[in-house]
Amino acid sequence: MSLETLISQIQERSSNAEPLGKKLKFDLGEDKIHIDGTGDSNTISTNDDEADTTIEVSPDDFQKLLDGDLNPMGAVMA
C-alpha cells in the first residue's frame, strides 16, 4: 500500500471527525504521517513535525489497523 493511499484514507476519515485537539504522528519508518488537530479541522501531512504523541508502526500493520484487521490494544500488548 502506498503512502498516498494511506494518507487519502486518513483524510477521508478525519474529514468526518472532530479536531483531535492535539498533534499525532505515525512513524512508519522512512515515512511519517502527521495529524494536526489543533485547529478548526484535522490537517494531514507527511511532515516530521513535533507531536504530542508519536506511534511507531510498520506500514503493513498500519494498513491492517485502518482496515480493522488488527486490534489496536492487541497490537500494543503483543
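Fair warning: this is a prediction, and the values are worked out from it, not measured in the lab.

Novice: Quick rundown of helix 2 (residues 59-67)? Include the residues and the values.
Specialist: Turning to helix 2, its buried residues number three or more, namely Phe62, Gln63 and Leu66. Taken end-on, helix 2 shows its buried residues confined to a sector of 100°, consistent with a single buried face. Looking at the buried positions of helix 2, the neighbouring elements they touch are helix 1 (3-14), strand 1 (23-27) and strand 2 (32-36). Positioned one or two residues after helix 2, Gly68 has a phi angle of 80°, which is positive.

Novice: So, helix 1: which residues are in play, and what are the values?
Specialist: Between its terminal C-alpha atoms helix 1 stretches 16 Å, which fits the 16 Å expected from 12 residues at 1.5 Å a residue. Turning to helix 1, its buried residues number three or more, namely Leu3, Leu6, Ile7, Ile10 and Ser14. Take helix 1 and look down its axis: the buried residues cluster within an arc of 95°, on one side only. Opposite the buried face of helix 1, at more than 90 degrees from it, the exposed residues are Glu4 and Glu12. The elements touched by buried residues of helix 1 are strand 2, strand 3 (43-45) and helix 2.

Novice: Go over the pattern of salt bridges, please, and point to the residues and values.
Specialist: Scanning the entire structure with this criterion turns up two salt bridges. Asp27 is the salt-bridge partner of Lys32, the closest N and O atoms lying 3.2 Å from each other. The class for Lys32 is buried, based on a relative accessible area of 14%.

Novice: I'd love a proper account of the pairing of strand 2, names of residues and values included.
Specialist: Burial analysis of strand 2 places four of its five residues in the buried class, the great majority of the element. Adjacent in sequence and paired antiparallel, strand 1 and strand 2 are bridged by four residues, among which Gly29 carries a positive phi angle near 95°. Bridging between strand 2 and strand 3 involves three bridges; their strand directions are antiparallel. What sits directly across from His34, in strand 3, is Ser45. With antiparallel pairing between neighbouring strands as the criterion, strand 2 and strand 3 make up a hairpin whose turn holds six residues.

Conventions adopted
- Residues numbered from 1 in each chain as written.
- Predicted model: local features only at pLDDT ≥ 70, side-chain atom pairs only at ≥ 80, totals over all residues.
- Heavy atoms only, no water.
- Buried < 20%, exposed > 50% of the residue type's maximum accessible area, 1.4 Å probe, protein only.
- Helix = DSSP H or I, 4+ residues; strand = E, 2+ residues; numbered from the N terminus.
- Arc of directions from axis to C-beta.
- Contact = heavy atoms within 4.5 Å.
- Expected span 1.5 Å × (residues − 1).
- Salt bridge = Lys/Arg side-chain N within 4 Å of Asp/Glu carboxyl O.
- Pairing = 2+ DSSP bridges.

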